[in-house]
Number of protein chains: 2
Amino acid sequence: MDRQPNQLRIVVIGAGFGGLQTAQSLSKSGAEVLLIDRHNYHTFVPLLYQVAAAQVPPETVAYPVRTLLRRTRNLRFLQAEVTRVNFAQRQVETREAVIAYDYLVLATGSQPQHLGIPGVSEHGFMLKTLAQAVALRNHLLHCFEQAERETDPQIRQRLLTVVIVGGGPTGVELAGTLVELKQALRRDYPGLDLGTLQIVLVQSGDRLLPNLPARLGRYTTRKLRRLGVNVHLETRVSRVTSTTVTFAQGPTLGTETVIWAAGLEAALPAVATPPPTGAKQKLKVRATLQLLHEPQVYAIGDVAQGEEPLTGVAPEALQQGVAVARNLRRQLRGQAPKSFHYFNKGRLAIIGGWAGVGKIGPLLLTGWLPWLLWLGVHLVYLPGWRNRLVLLLSWLQSYGLGDRPLRLILSSPPLTPPPPSQRLPAIAADRASLDPPAE
Amino acid sequence: MDRQPNQLRIVVIGAGFGGLQTAQSLSKSGAEVLLIDRHNYHTFVPLLYQVAAAQVPPETVAYPVRTLLRRTRNLRFLQAEVTRVNFAQRQVETREAVIAYDYLVLATGSQPQHLGIPGVSEHGFMLKTLAQAVALRNHLLHCFEQAERETDPQIRQRLLTVVIVGGGPTGVELAGTLVELKQALRRDYPGLDLGTLQIVLVQSGDRLLPNLPARLGRYTTRKLRRLGVNVHLETRVSRVTSTTVTFAQGPTLGTETVIWAAGLEAALPAVATPPPTGAKQKLKVRATLQLLHEPQVYAIGDVAQGEEPLTGVAPEALQQGVAVARNLRRQLRGQAPKSFHYFNKGRLAIIGGWAGVGKIGPLLLTGWLPWLLWLGVHLVYLPGWRNRLVLLLSWLQSYGLGDRPLRLILSSPPLTPPPPSQRLPAIAADRASLDPPAE
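Residues numbered from 1 in each chain as written. Chains lettered and ligands numbered in written order. Predicted model: local features only at pLDDT ≥ 70, side-chain atom pairs only at ≥ 80, totals over all residues.

Attention shifts here to the overall build of chain A. Each helix and strand in chain A was counted, giving twelve helices and 26 strands. Among the 439 residues that make up chain A, the fraction classed as buried is 50%. The contacts of chain A with a sequence gap of at least 6 include a subset with a gap of at least 24, amounting to 66%. (Helix = DSSP H or I, 4+ residues; strand = E, 2+ residues; numbered from the N terminus. Buried ≥ 20, exposed ≤ 12 C-beta atoms within 10 Å, placed from the backbone. Contact = placed C-beta atoms within 7 Å.)

Residue and element names in this part refer to chain A. Taken as a whole, chain A is organised into domain 1 (9-112 + 264-332) and domain 2 (120-262). Here domain 1 and domain 2 have C-alpha centroids that lie 32 Å from each other. Each partner contributes to the interface: domain 1 provides 15 residues, whereas domain 2 provides 18 residues. Here the side of domain 1 that touches domain 2 gets five residues from one element, more than from any other, and that element is helix α2 (residues 48-52). The residue makeup of the side of domain 1 that touches domain 2, split by class, is ten nonpolar, five polar and no charged. (Domains from an automatic or database assignment. Nonpolar A, V, L, I, M, F, W, Y, C, P; charged D, E, K, R; others polar.)

Residues and elements named next belong to chain A. Strand order in this open sheet of three strands is β24-β25-β26, and the pairing throughout is antiparallel. Since the sheet does not close on itself, it has two edges, and those belong to β24 (347-352) and β26 (363-367), each with one partner. Neighbour to neighbour, the strand axes of the sheet diverge by 10 degrees on average, direction disregarded. Alignment of strand β25 (residues 355-360) against β26, held across five bridges, turns out to be antiparallel. What sits directly across from Gly356, in β26, is Gly367. Sheet strands touched by helix α10 (residues 368-381): β24, β25 and β26. Its angle to β25, the strand with the most contacts, is close to 80 degrees. (Pairing = 2+ DSSP bridges. Axes fitted to C-alpha atoms, helices over the stretch in contact; angles between N-to-C directions.)

Turning to helix α7 (residues 169-188) of chain B, a few remarks are in order. With 20 residues, α7 of chain B extends 29 Å from end C-alpha to end C-alpha; this agrees with the ideal 28 Å at 1.5 Å per step. Across the 20 residues that make up α7 of chain B, a large majority, 15, are buried. (Expected span 1.5 Å × (residues − 1).)

Attention now goes to the environment of Leu130 of chain A. Assignment of secondary structure puts Leu130 of chain A in helix α5 (residues 130-149). In sequence terms Leu130 of chain A and Leu47 of chain A are 83 residues apart; their C-alpha atoms lie 9.8 Å from each other.

Burial of helix α1 (residues 17-25) of chain B is extensive: eight of the nine residues sit out of reach of the surface. Of all the positions in α1 of chain B, only Phe17, Gly18, Gly19, Leu20, Gln21, Thr22, Ala23 and Ser25 of chain B are classed as buried.

All right, on to the packing of α7 of chain B against helix α8 (residues 214-227) of chain B then. Residues and elements named next belong to chain B. Axis separation between α7 and α8 bottoms out at 10 Å; the angle between their running directions is 25 degrees. The angle between α7 and α8 falls in the class roughly parallel. Crossing hand, α7 versus α8: left-handed. Residues Val172, Ala175, Gly176 and Val179 of α7 form the contact with α8, whose participating residues are Thr220, Leu224 and Leu227. (Parallel < 35°, antiparallel > 145°, perpendicular 65-115°, else oblique. Left-handed = near helix turned anticlockwise from the far one by under 90°.)

Time to look at the sheet that holds strand β6 (residues 82-86) of chain B. Residue and element names in this part refer to chain B. Strands sit in the order β6-β7-β8 across an open sheet of three strands; the sheet is antiparallel. Because the sheet does not close on itself, it has two edges, and the strands there are β6 and β8 (98-100). On average, each strand axis in the sheet is inclined to that of its neighbour by 20 degrees, with strand direction left out of account. Two strands pair when backbone bridges link them, and β6 and strand β7 (residues 91-94) are joined in this way by four bridges, in the antiparallel orientation. Across the sheet, residue Val82 finds its bridge partner in β7, namely Thr94.

We now examine the packing of helix α1 (residues 17-25) of chain A against helix α9 (residues 314-332) of chain A. All names here are of chain A. It is the contact of α1 with α9, at a shortest axis distance of 7 Å, that shows an interaxial angle of 30 degrees. It follows that α1 is roughly parallel to α9 by the angle criterion. Helix-helix and strand crossings are classified by hand; for α1 and α9 the assignment is right-handed. Here α1 contributes Phe17, Gly18, Gln21, Thr22 and Ser25 to the contact with α9, which in turn contributes Ala314, Ala317, Leu318, Gln320, Gly321, Val322, Val324 and Ala325. Of the residues contributing to the contact of α1 with α9, the split by class is seven nonpolar, six polar and no charged.

Moving on, we get to the pairing of strand β25 (residues 355-360) of chain B. Residues and elements named next belong to chain B. Counting buried positions over the six residues of β25 gives five, a clear majority of the element. In this structure, strand β24 (residues 347-352) lies alongside β25, joined through five bridges in antiparallel fashion. Along β25, the bridge assignment pairs Ile350 with Gly356. Hairpin connection of β24 to β25: two residues between the antiparallel strands, including Gly353 at a positive phi of 60 degrees. The loop that links β25 with its antiparallel partner strand β26 (residues 363-367) comprises two residues; one of these, Gly361, has a positive phi angle of about 60 degrees.

Here we come to the pairing of strand β16 (residues 244-247) of chain A. All names here are of chain A. Taken together, the three bridges between strand β15 (residues 237-240) and β16 define a ladder with antiparallel strand orientation. Along β16, the bridge assignment pairs Val237 with Phe247. Pairing analysis gives three bridges linking β16 to strand β17 (residues 252-254), with the strands arranged antiparallel. By the bridge assignment, Thr244 is partnered in β17 with Gly254. Joining the antiparallel neighbours β16 and β17 is a turn of four residues, in which Gly250 adopts a positive phi near 130 degrees.

Turning our eyes to something else, we now look at unusual backbone geometry. Residue and element names in this part refer to chain A. Located in the positive-phi region is Lys280, a residue other than glycine, with phi close to 55 degrees. If you trace the backbone, Lys280 turns up in the loop between β19 (264-266) and β20 (283-284). Phi angles above zero are rare outside glycine, and Leu289 is one such case at about 75 degrees.

All right, on to the confidence of the model for chain A then. Residues and elements named next belong to chain A. Of all residues in chain A, 91% have pLDDT values of 70 or greater, and the mean over the chain is 88. Here helix α12 (residues 420-423) is the element of chain A with the lowest mean pLDDT, 32, and strand β9 (residues 103-106) is the one with the highest, 98. Low confidence marks residues 412-439, where pLDDT is under 50. Its contacts with residues over four positions away, or in another chain, come to 40 contacts. The ipTM assigned to the predicted complex is 0.80, against a pTM of 0.86. (pLDDT = per-residue confidence, 0-100.)

Turning to the environment of Gly168 of chain B, a few remarks are in order. All names here are of chain B. Here Gly168 shows up in the loop between β12 (161-165) and α7. Overall, the presence of 21 C-beta atoms within 10 Å leaves Gly168 in the buried class. A C-alpha to C-alpha distance of 16 Å links Gly168 and Ile199, two positions 31 residues apart in sequence. Apart from residues lying up to four places away in sequence, Gly168 is in contact with Leu209 and Ala261.

Listed below in structure tokens is the structure:
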């Protein structure tokens, strides 16, 4: 890539939906574009929960950034962790180098909000990165393996109890897909009493999917309960340990798996002179998506808070990416940037049991139609023809045949090892004990 | 699974080709069969090198043991690490339990032989497990990412030099597929001078593929050299560090990637009273595949050494698995076990550039026919219709389109970090330095 002597440089941090769209839309801007991400792949976050539930293989939801940008000119990709941003000197610092910019786009996304609850960061499973999704899948498969040979009914119940905290789309999707997982487990773990598999969904507010109309939230609650999920509304978690979760209302539940899907905050890089932030650490931006006091710096996606209220879904970041690229081209030509307005094409959420909910314009949808629409939209938006085909195959296997590839516990860290005295009888020298105890 | 009071128990350790086949063939033996493996999946080892070369996704070559054994009766699977085997007390010990057996089948496979060469175990990449294949792939992708931004030509050359030690099938296959990888790299790393990518294949003997006729070895050497691989015969490695490999003949080569494919030894579990072993730590077995002094214990695959000379390929272990199951059924009925004889259907090896070699009966094959046969055989033997489809897609993409999904560096450990003074200029504050240096 040969850069002209006076060519300006735009640095984009983050190769999520927003950052990637910005970089692609800047392809003919005339400026040099440098896209930085800590990973060499773009993560298709909406499908991470299916990776965690052993429904689709991890590679399907990751796409190499370099391959996505093959046809984009004037663009360079750098795999690096940004350690600090310096607005005054117009520099981005990574572990290995300092990079000067003329314009900067911050698209660093979000991270789970722990809300100061003890034990969440140590024992809670998150679902924001591919590594986290794979870790959760491995942990769940470990739990099933261990439960199958466990003779202590209390420990076995703990291994077969999954608590999901947060009633937004991620929590609802995960609860639904874990219930569906039962069918595949039945085939592979004939020794396991799956009647005891317990999926608990905890929501602090009074309904699920708070970003959608109340009727859809009520439908979702009914549907999940019918599928066998224990939905607890207006319930808060006060403490998490490696084997329990405690609710603010008092009771403690034994579980080896607490999944934290209770809200996100901005994942800001360190900034030399921190700019004004709003709720959830988000950077305050003007209607043009520029930072309040930094006209050379834009922020989009989950890291930004504009005047318009947004809910943190991919289409918002994608549209902002297009808008920022347009504004940067205007700035390069000496014109003033324009205001961004989100065009809401609708919202869809998948529940499980071939049902979903959706809102398209004034239309509220429930049942199989929004479920099918959800699948179709995600199939189309997933990058790569090969990934789409593998995704389609995975869905045929899971939704069509009720089966899943429950494989590949790549790492094998021991689960919270209980005292040996408790654990040894599981398969004792006495041969008869290999048989599952009579229930 | 309900076990009859006087039902005998057969324990099989290892869910590779041999162990799995034994367990499957014992399905109607009347005995209780317990299969133990440290992983919950069977690894299709012949395709591991394609995982390492970013050609097929890791999940494709791993298949859940429980799913493979769904239709097998009287069988239980235990995911556990065997810590010790006690022949005198007829017990298998794992971290969590002690398991009594009446008959035992050892099918624990092989592990790389380090031959006492300094640095191999710390810095050499192995290719015997899925985790190792993924680690090698991630390392290679890291090297390309780092080489693309590296300005020091010496470090860049080191990052782009791959040394493969061992001229058996694994070394040859890997050298071939890494040369083919160039085409995909060219598209994704336009800033990289791929003329400098160097694949070195080192063989201690005087020809490649020593288990095949000399003519096929010579063809393989010529073919690989024509593809651009530096083949060094009669060359031994005397030392490996994180950035170099030293040859016994003297010269030292700078490289960040030394792949150790120089031979295997038996991967024996600890045994209370160690039985007689032969070359490469292999357990000596009778013609019936029973251990010399333990008629209740069988050993098959890479862990066993019988009277027949075998070369360690999957069909040998598969046929031994069938034979051991037949012998165990005979022993259960009070009959004497029979001798095993390997029926050699032929040997195939894939080279690269649409070429392979093969020996079927007296027929020696070279070129595209054995290449195609190799692909066909592995496609058919890979377990799972879905895996086969994904494998076929992957091959269409890599062999047909010359493309590969270079994604998913899941872990991001820093490579041997050089002194900061060397590394910082890579992308300096001076904007011009982002351009690749003129070559």
